[in-house]
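# Geometric and topological summary
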Amino acid sequence: MLVTLLLLAAAPLEMATVPAPVALIQEQQPLVDYARTERLALEQVKAQLAELGAWCQKNRAFLQRNRAYETLLIWDVDHKEARKTLGWKRDRDTGAWQQKRKPRVPKDQSQGDADLAIAKRGEILTDLRETLLAALDADEKVTVQKRQAVLAQLLLAMPNDPVLRGRNGQVLRTGDKDGEQVWLLEASDRALVKRKAL
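Just so you know, these numbers come straight off a predicted model, no measurement behind them.

Moving on to the overall build of the protein. Assigned secondary structure in the protein consists of 9 helices and 4 strands. Ordered by position from the N terminus, the helices and strands of the protein form the series α-α-α-α-α-β-β-α-α-α-β-β-α. Counting across all 198 residues of the protein, residues that qualify as buried make up 28%. Accessible surface, the protein as shown: approximately 14100 Å² in total, 55% of it carbon and sulfur.

Before going further, it helps to spend a moment on the packing of helix H3 (residues 34-58) against helix H6 (residues 111-138). Where H3 meets H6, the closest approach of the two axes is 10 Å, and the angle between their N-to-C directions is 175 degrees. One finds that H3 runs roughly antiparallel with respect to H6. Taking contact as the criterion, the partners of Tyr34, Thr37, Glu38, Ala41, Leu42, Val45, Gln48, Leu49, Leu52, Trp55 and Cys56 in H3 are, on H6, Asp113, Leu116, Ala117, Lys120, Arg121, Ile124, Leu128, Thr131, Leu132, Ala135 and Leu136. Looking at the contact of H3 with H6 residue by residue, the classes come out as 15 nonpolar, 3 polar and 4 charged.

Throughout the structure, instances matching the rule amount to 0 aromatic pairs. Directly above the aromatic system of Trp88 lies the positively charged group of Arg83, at a separation of 4.5 Å from the ring centroid.

Pairing is possible between side chains that carry opposite charge, provided their charged atoms lie close to one another. Applying the stated criterion across every chain, the model contains 6 salt bridges. Here Asp78 makes a salt bridge to Arg90, at a shortest N to O gap of 3.4 Å. On the criterion of sequence distance, the pair formed by Asp78 in the loop between helix H4 (62-75) and helix H5 (80-85) and Arg90 in strand S1 (residues 88-90) is long-range, its members being 12 residues apart. On the basis of relative accessible area, Asp78 is assigned to the partly exposed category, the value being 41%. As a salt-bridge pair, Asp161 and Arg129 come within 2.6 Å of each other at their nearest N and O atoms. Taken together, the positions of Asp161 in the loop between helix H7 (144-157) and helix H8 (162-167) and Arg129 in helix H6 put the pair 32 residues apart, joining distant regions of the chain. Each member of the pair, Asp161 as well as Arg129, carries the same accessibility label: buried. In this structure, a network of salt bridges that share partners links the residues Arg129, Glu130 and Asp161.

Counting along an α-helix, one turn takes 3.6 residues, and residues three or four places apart therefore face a common direction. Along its 28 residues, H6 runs 40 Å from first to last C-alpha, staying within 8% of the 40 Å computed at 1.5 Å per residue. The inward-facing, buried residues of H6 abut H3, H4, H7 and H8.

Even without glycine at this site, Arg60 takes up a positive phi of about 60 degrees. According to the relative accessible area criterion, Arg60 is partly exposed, its value standing at 47%.

What follows covers the side chain of Asn66. Here Asn66 shows up in helix H4. Asn66 sits in the buried class, given a relative accessible area of 8%. Setting aside its immediate chain neighbours within four residues, Asn66 contacts Thr85, Leu86 and Pro106.

Let's shift gears to the confidence of the model for the protein. This prediction gives the protein a mean pLDDT of 80; 77% of its residues lie at or above 70. Overall, residues 1-29 carries pLDDT values under 50, and its contacts beyond four positions in sequence, including any with other chains, amount to 1 contact.

Moving on, we get to the packing of H6 against H7. Between H6 and H7, the shortest axis-to-axis distance is 11 Å and the interhelical angle comes to 170 degrees. With respect to each other, H6 and H7 are oriented roughly antiparallel. Residues Leu125, Leu128, Arg129, Leu132, Leu133, Leu136 and Asp137 of H6 form the contact with H7, whose own contacting residues are Arg147, Val150, Leu151, Leu154 and Ala157. A per-class count over the contact of H6 with H7 returns 9 nonpolar, no polar and 3 charged.

With respect to the helices and strands, the residue Gln64 is situated in helix H4. Beyond its immediate stretch of four places on either side in the chain, Gln64 contacts Cys56, Asp108, Ala114, Ala117, Ile118 and Arg121.

Conventions used here
Residues numbered from 1 in each chain as written. Predicted model: local features only at pLDDT ≥ 70, side-chain atom pairs only at ≥ 80, totals over all residues. Heavy atoms only, no water. Helix = DSSP H or I, 4+ residues; strand = E, 2+ residues; numbered from the N terminus. Buried < 20%, exposed > 50% of the residue type's maximum accessible area, 1.4 Å probe, protein only. Areas by Shrake-Rupley, 256 points an atom, 1.4 Å probe, with all protein chains shown as cover. Axes fitted to C-alpha atoms, helices over the stretch in contact; angles between N-to-C directions. Parallel < 35°, antiparallel > 145°, perpendicular 65-115°, else oblique. Contact = heavy atoms within 4.5 Å. Nonpolar A, V, L, I, M, F, W, Y, C, P; charged D, E, K, R; others polar. Phe/Tyr/Trp six-rings, centres within 6.5 Å; stacked < 30°, edge-to-face > 60°. Lys NZ or Arg CZ within 6 Å of the ring centre and 35° of its normal. Salt bridge = Lys/Arg side-chain N within 4 Å of Asp/Glu carboxyl O. Expected span 1.5 Å × (residues − 1). pLDDT = per-residue confidence, 0-100.

Rendered as structure tokens:
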């Protein structure tokens, strides 16, 4: 009787040390679903850019308003307020957006508000970049084509971002004659250096 009680008392201790099944481990460490992460991140960014555009309009930072709306159109091509502000009209027959004339470049009326808008847009896009790149790195199921498409869209919004250019295999090179800086593939940069040395 005493032995049976001792065995029953010891049983829970033994069960606690049994390794968890694979399914439980996977539940404890959920896999990243890139598609879901991207959808949520883009919903947030579209709302933030629309809000920034409206703020710029109210504060007369018209150039920054246009830049916010142009960036918004990368991910939301049918955003009516952005299209209207940038001079687009929807064709009634085809439903396609058409820009009747090239809009003039507006000016910011307040440099202080323009600087705030530039900083805010940079913050929004940096957060998006970090979120999407982390999700791409974590989700092994994402195809190479999808990765390239995501990088291409981010580069449209942030053309001189060194992190994105580095992911694209590019380096910043200063031109020899005019001093202009251009992004080149690393292999092209190495070839130019080698050619100059020869």
